[in-house]
Amino acid sequence: MRRNSAKIMTNGVAARWLGANFWSRTGGPLMWRSYDPAVVREELRVLRAHGLTMTRSFFYWPDFMPEPDMVDENMTARFADFLDQHAEQDMSTVPTFIVGHMSGQNWDPPWRDGRDLYSDVWMVARQAWFAGEMVRRFGSHPAVAGWLVSNEMPLYGGGQAAPGTVAAPWSWAPTRSSAWPR
């Protein structure tokens, strides 16, 4: 594959990205429930001391969106602190919107109630709304390097379409991202 540039550019400057998925030792995938700023600060400091420049972070969907039309303000305040701590360490992060599958199991918000994540229009709209809310809140933060639509979506929501049909997953991602502020 030919690339126009072997460098990732951030504000016109070549960026060196070396990172890891980040879950704090204080809670793993459920870290936002027991978020400890002092522990996270030390964990990020250790990562930075070892040369890492970024993390991949995760909005644990059941916690960040406990109701179909609600974002949990406590969780977003914790995430804002997390971003500020990245900036303090001269690090960035790539937040992941929908974390429905992680570490070998599915993590469903209770309000999903079995709805199809790809073809149920209401469910796709809820996902797009959530992603848009997170971009509106955090998109201008200097620690946000980019966005990741989901984690392990084929394991969580499936990804197989019936033969001869248009695969719903192919239209799912662009539909979700169309709600993001520009």
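The paragraphs below set out a description of the structure included in this document. Keep in mind it's a predicted model, so treat the numbers as computed, not measured. (Residues numbered from 1 in each chain as written. Predicted model: local features only at pLDDT ≥ 70, side-chain atom pairs only at ≥ 80, totals over all residues. Heavy atoms only, no water.)

It is worth spelling out the packing of aromatic side chains at this point. All told, the structure shown has 17 aromatic pairs when counted by the stated rule. Here the aromatic rings of phenylalanine 59 and phenylalanine 79 are separated by 4.6 Å at their centres, their planes lie at 50°, and the arrangement is tilted. With phenylalanine 59 in the loop between β4 (54–58) and α2 (61–64) and phenylalanine 79 in helix α3 (residues 73–88), the pair connects residues that are 20 residues apart, well separated along the chain. The residues phenylalanine 59 and phenylalanine 79 share a single accessibility class, namely buried. With centroids separated by 5.5 Å and ring planes inclined at 85°, the aromatic side chains of tryptophan 61 and tryptophan 111 adopt a geometry described as edge-to-face. Placement of the pair is tryptophan 61 in helix α2 and tryptophan 111 in the loop between β7 (105–106) and α4 (121–138), with a sequence separation of 50 residues. Overall, tryptophan 61 belongs to the buried group, its relative accessible area being 0%. (Phe/Tyr/Trp six-rings, centres within 6.5 Å; stacked < 30°, edge-to-face > 60°. Helix = DSSP H or I, 4+ residues; strand = E, 2+ residues; numbered from the N terminus. Buried < 20%, exposed > 50% of the residue type's maximum accessible area, 1.4 Å probe, protein only.)

The subject of this paragraph is the pattern of salt bridges. Think of it this way: side chains of opposite charge can pair up when their charged atoms draw near. Throughout the structure, instances matching the rule amount to 11 salt bridges. Note that arginine 41 and glutamate 88 form a salt bridge whose closest N and O atoms lie 3.4 Å from each other. On the criterion of sequence distance, the pair formed by arginine 41 in helix α1 (residues 37–49) and glutamate 88 in helix α3 is long-range, its members being 47 residues apart. The exposure class assigned to arginine 41 is partly exposed, which follows from its relative accessible area of 35%. In this structure, the salt-bridge partner of arginine 115 is aspartate 120, at a minimum N-O distance of 3.1 Å. (Salt bridge = Lys/Arg side-chain N within 4 Å of Asp/Glu carboxyl O.)

A few words on the side chain of glutamate 43. Relative to the elements of secondary structure, glutamate 43 occurs in helix α1. A distance of 2.9 Å separates polar atoms of two side chains, one belonging to glutamate 43 and the other to serine 24. A polar side-chain atom of glutamate 43 sits 2.9 Å from the main-chain amide nitrogen of arginine 25. Those residues in contact with glutamate 43 that lie beyond four places of it in its chain are Phe22, Ser24 and Arg25. (Polar contact = N/O pair within 3.5 Å; in protein donor to acceptor, adjacent residues only side chain to side chain. Contact = heavy atoms within 4.5 Å.)

Here we come to the pairing of strand β5 (residues 92–99). A large share of β5 lies buried, amounting to eight of its eight residues. Looking at chain direction, β4 and β5 are connected through five bridges and run parallel. By the bridge assignment for β5, serine 57 is matched with proline 95. (Pairing = 2+ DSSP bridges.)

On to α1. Quick reminder: α-helices carry 3.6 residues per turn. Residues three or four places apart thus point the same way. For α1, spanning 13 residues, the distance from its first C-alpha to its last is 18 Å, which sits close to the expected 18 Å at 1.5 Å a residue. Within α1 the residues assigned to the buried category are Val39, Val40, Glu43 and Leu44. Buried residues of α1 fall within an arc of 130° about the axis and therefore sit on the same side. Exposed side of α1, more than 90 degrees from the buried face: Ala38 and Ala49 are the residues found there. Structurally, α1 contributes buried residues whose contacts are with β4 and α3. Looking one or two residues past α1, glycine 51 carries a phi angle of roughly 95°, positive in sign. (Expected span 1.5 Å × (residues − 1). Arc of directions from axis to C-beta.)

By themselves, these are just geometric observations and shouldn't be taken as functional.
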